[in-house]
2 protein chains.
Amino acid sequence: MSPATSTAIASPNIAFIKYWGDRDHDLRIPANPSLSMTLGGLQTETSLTLLEPGAEDVLILNGARVSGPPLARVSGFLAHVRAVAGRSEGAKVDSVNSYPAGAGIASSAAAFAALALAASSAYSLDVSPTELSRLARRGSGSAARSIFSGFVEMQTGQHDEDAYAKPFLPPDHWPLQDWVAVVDDQPKPIGSSEGHLLANTSPIQLTRVNDAGRRMQVCRHALIERDFNQLAAIIEQDSNLMHAVMITSTPSLLYLQPASLMLMRSIKAWRAEGIEACFTIDAGPNVHVICTSEHSREVERRLRSFEVVKDLIHATPGQGAKLQNTVAT
Amino acid sequence: MSPATSTAIASPNIAFIKYWGDRDHDLRIPANPSLSMTLGGLQTETSLTLLEPGAEDVLILNGARVSGPPLARVSGFLAHVRAVAGRSEGAKVDSVNSYPAGAGIASSAAAFAALALAASSAYSLDVSPTELSRLARRGSGSAARSIFSGFVEMQTGQHDEDAYAKPFLPPDHWPLQDWVAVVDDQPKPIGSSEGHLLANTSPIQLTRVNDAGRRMQVCRHALIERDFNQLAAIIEQDSNLMHAVMITSTPSLLYLQPASLMLMRSIKAWRAEGIEACFTIDAGPNVHVICTSEHSREVERRLRSFEVVKDLIHATPGQGAKLQNTVAT
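If you're wondering where the values come from, they're calculated on a predicted model, not measured in any experiment.

A.B. asks: Is there a simple way to explain the overall build of chain A in this structure?
C.D. replies: Across its full length, chain A carries 10 helices and 16 strands. Whereas a compact globule of 329 residues would reach a radius of gyration of roughly 20 Å, chain A reaches 19 Å, a difference of no more than 12%. Dimensions of chain A, computed from C-alpha atoms along their principal axes, come out at roughly 65 × 40 × 35 Å. In chain A, which comprises 329 residues, the share counted as buried stands at 60%. For chain A, the accessible area works out to roughly 12,700 Å², and carbon and sulfur atoms hold 52% of it. One way to put it: in chain A the 28 positive side-chain charges average out to a point 2 Å from where the 33 negative ones average out.

A.B. asks: It is not clear to me how the interface of chain B and chain A should be interpreted in this structure. Could you clarify?
C.D. replies: Size of an interface, as often reported, equals the accessible area lost when the parts are brought together. Each partner contributes to the interface: chain B provides 23 residues, whereas chain A provides 23 residues. For the pair chain B and chain A, the two sides together bury roughly 2,200 Å², of which 68% comes from carbon and sulfur. Among the residues chain B hides against chain A, the three largest losses belong to Leu254(B), Pro258(B) and Arg265(B). Together they make up 25% of the total. Taken together, chain B and chain A are joined by zero salt bridges. Contributions of two or more residues to the side of chain B that touches chain A are made by α8 (228-247) and α9 (258-273) of chain B. The element best represented in the side of chain B that touches chain A is α9(B), accounting for six residues.

A.B. asks: What is the right way to look at the relation of the copies chain B and chain A in this model?
C.D. replies: These two copies of the chain differ by a rotation about an axis and a displacement along the same axis. Superposing chain B onto chain A takes a rotation of 180 degrees combined with a translation of 0.0 Å along the rotation axis, leaving an RMSD of 0.0 Å. Viewed as a symmetry operation, the transformation between the two copies matches a two-fold axis. Closest to the rotation axis within chain B is the C-alpha of Pro258(B), separated from it by 2.0 Å. Both copies share a contact surface, since 100% of the interface residues of chain B are interface residues in chain A too.

A.B. asks: Is there a simple way to think about empty space enclosed by the protein in this case?
C.D. replies: Rolled over the atoms, a probe with the dimensions of a water molecule shows which regions are left empty. With the rule as written, the count across this model stands at one cavity of 30 Å³ or more. Here the largest cavity defines a volume of roughly 270 Å³. Residue lining of the largest cavity: 23 residues in total, with Ile247(A), Leu256(A), His243(B), Ile247(B) and Leu256(B) positioned closest to the centre. Every element with two or more residues in the lining of the largest cavity is listed here: α8 (228-247) and α9 (258-273) of chain A together with α8 and α9 of chain B.

A.B. asks: What's the story with the pattern of salt bridges in this structure? I'm lost.
C.D. replies: Where side chains of opposite charge bring their charged atoms close, a pairing between them can arise. Scanning all chains against the criterion turns up 30 salt bridges over all chains. Asp57(B) is the salt-bridge partner of Arg82(B), the closest N and O atoms lying 2.9 Å from each other. Of this pair, Arg82(B) sits in helix α1 (residues 69-85) while Asp57(B) sits in the loop between β6 (44-53) and β7 (58-61), and the two are 25 residues apart along the sequence. Accessibility classification places Arg82(B) together with Asp57(B) in one group, the buried group. With its nearest N and O atoms 3.5 Å apart, the salt bridge here joins Asp160(B) to Arg138(B). Within this pair, whereas Asp160(B) is found in the loop between β10 (151-154) and β11 (165-169), its partner Arg138(B) is found in helix α3 (residues 129-139), the two being separated by 22 residues in sequence. A network of salt bridges, in which partner residues are shared, links Arg134(A), Arg137(A), Arg138(A) and Asp160(A).

A.B. asks: Explain the environment of Ser67(B) to me, please; I cannot follow it from the model alone.
C.D. replies: Residue and element names in this part refer to chain B. Looking at the element boundaries, Ser67 is found in the loop between β8 (64-66) and α1. Residue classification places Ser67 among the exposed positions, given a relative accessible area of 55%. With 10 residues separating them along the chain, Ser67 and Asp57 place their C-alpha atoms 9.8 Å apart.

A.B. asks: Can you walk me through the packing of helix α2 (residues 107-122) of chain B against α3(B) in this structure?
C.D. replies: When two helices pack together, their arrangement is given by the angle between their axes and by how far apart the axes lie. Residue and element names in this part refer to chain B. The geometry of α2 relative to α3 is characterised by a closest axis approach of 8 Å and an angle of 125 degrees between their N-to-C directions. With respect to their mutual orientation, α2 and α3 come out oblique. Relative to α3, the crossing made by α2 is right-handed. Contacts between α2 and α3 involve Phe112, Ala113, Ala116, Leu117 and Ser120 from the former and Leu132, Leu135, Ala136 and Gly139 from the latter.

A.B. asks: Looking at this structure, I do not really get unusual backbone geometry. What am I missing?
C.D. replies: Working note: non-glycine residues mostly have negative phi, and peptide bonds are mostly trans. The peptide bond linking Thr250(A) to Pro251(A) adopts the cis configuration, its omega dihedral lying at -5 degrees. Examined against the element boundaries, Pro251(A) turns out to sit in the loop between α8 and α9. Notably, Asn62(A) is not glycine yet its phi reads approximately 50 degrees, a positive angle. Looking at the element boundaries, Asn62(A) is found in the loop between β7 (58-61) and β8 (64-66). One non-glycine residue, Ser124(B), adopts positive backbone phi at about 55 degrees. As for its position among the elements, Ser124(B) is in the loop between α2 and α3. Note on Ser124(B): relative accessible area 55%, which makes it exposed.

A.B. asks: Honestly, α8(B) in this entry has me stumped. Any pointers?
C.D. replies: Side chains that are three or four residues apart share a direction in an α-helix, a result of its 3.6 residues per turn. For α8(B), built from 20 residues, the straight-helix expectation of 28 Å at 1.5 Å per residue is met to within 8% by its first-to-last C-alpha distance of 28 Å. Summarising burial for α8(B): 17 of the 20 residues are buried, a large majority.

A.B. asks: For this particular structure, what's the right way to read the state of the cysteines?
C.D. replies: Two cysteines, two sulfur atoms, one covalent bond between them: this is a disulfide. Residue and element names in this part refer to chain B. One pass over the structure, following the stated rule, counts zero disulfides over all chains. Free cysteine Cys278: the closest other cysteine sulfur is in Cys291, separated by 8.7 Å. Judged by its relative accessible area of 0%, Cys291 falls in the buried class.

A.B. asks: What is the right way to read the packing of aromatic side chains from this model?
C.D. replies: Two descriptors summarise a pair of aromatic rings, namely the distance from one centre to the other and the angle between the planes of the rings. All names here are of chain B. Taken as a whole and judged by the stated rule, the model has eight aromatic pairs over all chains. Between Phe16 and Phe151, the ring centres sit 6.4 Å apart and the planes meet at 45 degrees, which makes this aromatic pair tilted. Pair noted here: Phe16 is in strand β2 (residues 13-17) and Phe151 is in strand β10, with a separation of 135 residues, a long-range link. As far as the burial class goes, Phe16 and Phe151 line up, both buried. A ring pair is formed by Trp270 and Phe306, whose centres lie 6.3 Å apart and whose planes are at 50 degrees; its orientation type is tilted. Separated by 36 residues along the polypeptide, Trp270 in helix α9 and Phe306 in the loop between α10 (296-304) and β15 (311-317) bring together distant segments of the chain. For the residue pair Trp270 and Phe306, the accessibility class agrees, reading buried in each case.

About the cut-offs
- All residue numbers here refer to positions counted from 1 along the written sequence of the relevant chain.
- Throughout, the order in which chains and ligands are written sets their labels, letters from A for the former and numbers from 1 for the latter.
- The predicted origin of the model limits local features to residues at a pLDDT of at least 70 and limits the giving and counting of side-chain atom pairs to 80 or more, whereas totals for whole chains, interfaces and linings rest on all residues.
- Side-chain figures throughout are based on the complete set of non-hydrogen atoms in the structure, without hydrogens or water.
- A helix here means a DSSP run of H or I that spans at least four residues, while a strand means a run of E at least two residues long, and both kinds are numbered starting from the N terminus.
- With the radius of gyration taken over C-alpha atoms, the globule rule is written as 2.2 Å times the number of residues to the power 0.38.
- Exposure categories follow from relative accessible area, calculated using a 1.4 Å probe and restricted to protein chains: below 20% of the type maximum is buried, above 50% is exposed, and the middle band is partly exposed.
- In these tables, accessible area is a Shrake-Rupley quantity obtained with a 1.4 Å probe, and a residue counts as shielded only by the protein chains included in the view.
- When charges are counted, neither His nor the chain ends are considered; positive counts come from Lys and Arg and negative counts from Asp and Glu.
- In plain terms, the charge of a residue is placed at NZ if it is Lys, CZ if Arg, CG if Asp and CD if Glu.
- Note on contacts: a residue pair is in contact if any heavy atoms of the two residues lie within 4.5 Å.
- Buried area: the sum, over both parts, of the accessible surface (1.4 Å probe) that disappears when the two are put together.
- Here, a salt bridge means any Lys or Arg side-chain nitrogen found within 4 Å of an Asp or Glu carboxyl oxygen.
- In superposing the copies, a least-squares fit is computed on C-alpha atoms, taking residues whose pLDDT is at least 70 in both.
- Here a cavity means grid points, on a 1 Å grid over the protein atoms only, where a 1.4 Å probe fits yet cannot get out; a pocket means an open set of points with protein on both sides within 12 Å along at least five of seven lines; lining residues are those with an atom within 4 Å of a point.
- Grid points are joined across faces, edges and corners, and a volume is the space filled by probe spheres set on the points.
- Angles run from 0 to 180 degrees between N-to-C directions of axes, and those axes are lines fitted to C-alpha atoms, restricted for helices to the stretch in contact.
- Under this scheme an angle from 65 to 115 degrees is roughly perpendicular, one under 35 degrees roughly parallel, and one over 145 degrees roughly antiparallel; angles in between are oblique.
- By convention, the crossing between two helices is left-handed when the near helix turns anticlockwise from the far helix through less than a right angle, and right-handed when the turn is clockwise.
- Expected helix span is computed as 1.5 Å times (number of residues minus one).
- Cysteine sulfurs are considered disulfide-paired once they come within 2.5 Å of each other.
- Within 6.5 Å between ring centres, the rings of Phe, Tyr and Trp (the latter by its six-membered ring) count as paired, and their orientation is classed by plane angle as stacked under 30 degrees, edge-to-face over 60, tilted in between.

Given below as structure tokens:
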């Protein structure tokens, strides 16, 4: 068989209702349901070229060859794809992000969504969107959501079979804006994968998980009705609940930095003024400012006035993972 | 009957296991048990002079006559004392704090502990220490603890009768130090009394309350054994849990400021270096740094190096409320 390259693109996503903690860590079945917006304007492009049967996998990230844990994670993922497909070829994975690393944007979601699609194409796995979402989930829990466009929800699931995401509302339902205020571009001391393992050491994780159904309902309703104030309240409460679990776990994970808190306080004050903006923060210090398109320019202007904001990245509701082309030479 | 003046002194306290939320707001029966250190070196001195029967109460705080809500709160408290004592004289209350207002030190605890003692003396209420603690609690929940010396615990109680504090360990058991890093001396937008009413709007308050017995046990054990690392972990977790409830309540209460977070992060890093210090933060932005006497000088030195620290206040385990004198003229 001649070598083949499959190329796929996918975007990261920002969770309005966040997943933290795993029901099954190996299968990355999340402890609670989640709801996200796929971040159009940002993307990962991943090309996968098949190598000889039994060849070792090769990983190239943003032009540089990578080994160690990142390669092990990708190779473990590909081993699963090969097992399902009944194939044995190694693969060269070449992945490029359109946005800076360490920007508070979970690059693993876009990376594994694109890789799942490129790999299923290259290894001729004939998967449905739901199966693709389940497959991406094995690489990174939140990658399951990046398969789809617009506003996406993910159920918890009990098993591999029922833990996947599905589209909730299309991108054009509500052109919300995400301004990512980068206050620190250094790598996190404890990454998300490791952090998920600590979630159950917090005395409030179970309560957060059990309350997630309510938060999902409120968030769905706010999105359907385009009720920004309701959306803002539930997005901020959900983000605060996740950071509450993080900081009360053992060891305590304090991802927020003084600059994060400065922005959180400012954004709350802006909303009291009538600016339609709210914050949500993933496992890091950078602040996603979600706002309506009507207030986007004012939000950008205000964020640029902060000395602590080192970079601003912009995204809008975007498209799910897409195959670019397949070249057989 | 000739006018009489009773004078009492009391110190504030810092809770290692904090109370937030009331089981009964009017009676100030706390939602969860608590454990505190009485802050020797800081004190409120309160003199109560009886006026004519039926005369309106007068409140003088740090030399200035005060009316409005603070007077109403004191007068309501005195009305209860008079009802129990079967007396009708009004009172002039003259109260002076040895420490600045807005320093992140709950002045109401010392104020109502001193007032309870001065008032019970002036109105000839013959109360036991437990009854005095219950009485002080009606003024301010945490005042019940300031009646006693050293390390003090308070049970929740179901009724007025069983909601009171009691001594746990004497001041000389462990000479812990409290350095209060004042980062903001402005009044809080929402005071504790009002904040307690919001506690039940947080989805995690019930879990925090239900877990309090465990935290009390760990804290008691750490104090008995003088195990600083265990104490530090439970003090910080308890403080973080309270702020987690505050920030996830509706409306969200965000008392922490960027400078608070800067100190929290620094103190965690210091402990990783071997410095015996930890943080705890009440309903405000200022940071209580609890440390061993061995590391107190180093902690002070480091705190003084922060530009955001506007003032440093020092306290050690101190004495409970004491009557100073009673003058009948």
